[in-house]
Amino acid sequence: MTGFLSTFSKPFQLTVLLWPFVSVLLTVPAAVYLYRRDNRLRPVSVLGAYTFMLYVLGLGCFTLYPWPQDPAAYAPRTIWVRSSTRCSSLATSAPTV
């Protein structure tokens, strides 16, 4: 897995590797709450809480992950030109002002 991650930046690699462990740390208070509420701790409840924390952290971290330093290097500039029948993309055109 680290061979695949070597193509990404160091902060992103660290995020991907620490993501499950941070989810575990955030699941502990939820498990304590479940134990106090029900006076027992079912594995299904703990698994559900962990899965929820993993999902919320993934949604927050990977959706809000910063843009690259040079976005033009990752995505070509695209202009949409409206014709009479369809819209087409011109990837090499400069924007008109």
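A quick note: this is a predicted structure, and the numbers were derived from the prediction, not measured. (Residues numbered from 1 in each chain as written. Predicted model: local features only at pLDDT ≥ 70, side-chain atom pairs only at ≥ 80, totals over all residues. Heavy atoms only, no water.)

> Even after reading the chapter, I still don't get the overall build of the chain, so can you show me in this structure?
If you tally the helices and strands in the chain, you get four helices and two strands. Secondary structure elements of the chain, listed N to C terminal, follow the sequence α-α-α-α-β-β. The 97 residues of the chain split such that 14% are buried. (Helix = DSSP H or I, 4+ residues; strand = E, 2+ residues; numbered from the N terminus. Buried < 20%, exposed > 50% of the residue type's maximum accessible area, 1.4 Å probe, protein only.)

> I'm lost on helix H3 (residues 43-63) in this one. Help?
An α-helix turns once every 3.6 residues. As a result, residues three or four positions apart point the same way. The end-to-end C-alpha distance of H3, which contains 21 residues, comes to 29 Å, matching closely the 30 Å that a straight helix rising 1.5 Å per residue would cover. Listing the buried residues of H3 in full gives Ser-45, Ala-49, Met-53, Leu-57 and Gly-58. At its buried positions, H3 is contacted by helix H2 (10-38). (Expected span 1.5 Å × (residues − 1). Contact = heavy atoms within 4.5 Å.)

> Sorry, what's going on with unusual backbone geometry here?
A negative phi angle is the norm for most residues apart from glycine, just as the trans form is the norm for most peptide bonds. Here Asn-39, not a glycine, exhibits a phi torsion of approximately 60°, which is positive. As for its position among the elements, Asn-39 is in the loop between H2 and H3. By relative accessible area, which is 62% here, Asn-39 ends up exposed.

> Got a minute to help me understand the pattern of salt bridges in this structure?
A side chain with one charge can pair with a side chain of the opposite charge if their charged atoms come near. By the definition in use, this model includes one salt bridge. Across the salt bridge formed by Arg-37 and Asp-38, the nearest N and O atoms sit 3.2 Å from each other. (Salt bridge = Lys/Arg side-chain N within 4 Å of Asp/Glu carboxyl O.)

> Looking at this structure, how should I read a nonpolar patch on the surface?
Nonpolar side chains collect at one region of the surface, where Leu-14, Leu-18, Phe-21, Val-22 and Leu-26 lie side by side and expose about 450 Å² of accessible area between them. Phe-21 sits in the exposed class, given a relative accessible area of 56%. (Patch = residues over 30% accessible without salt bridge, like charges linked within 9 Å, V, L, I, M, F, W, Y side chains within 5 Å. Areas by Shrake-Rupley, 256 points an atom, 1.4 Å probe, with all protein chains shown as cover.)

> Can you walk me through the packing of H2 against H3 in this structure?
Where H2 meets H3, the closest approach of the two axes is 8 Å, and the angle between their N-to-C directions is 140°. Between H2 and H3, the interaxial angle falls into the category oblique. The hand of the H2/H3 crossing is right-handed. (Axes fitted to C-alpha atoms, helices over the stretch in contact; angles between N-to-C directions. Parallel < 35°, antiparallel > 145°, perpendicular 65-115°, else oblique. Left-handed = near helix turned anticlockwise from the far one by under 90°.)

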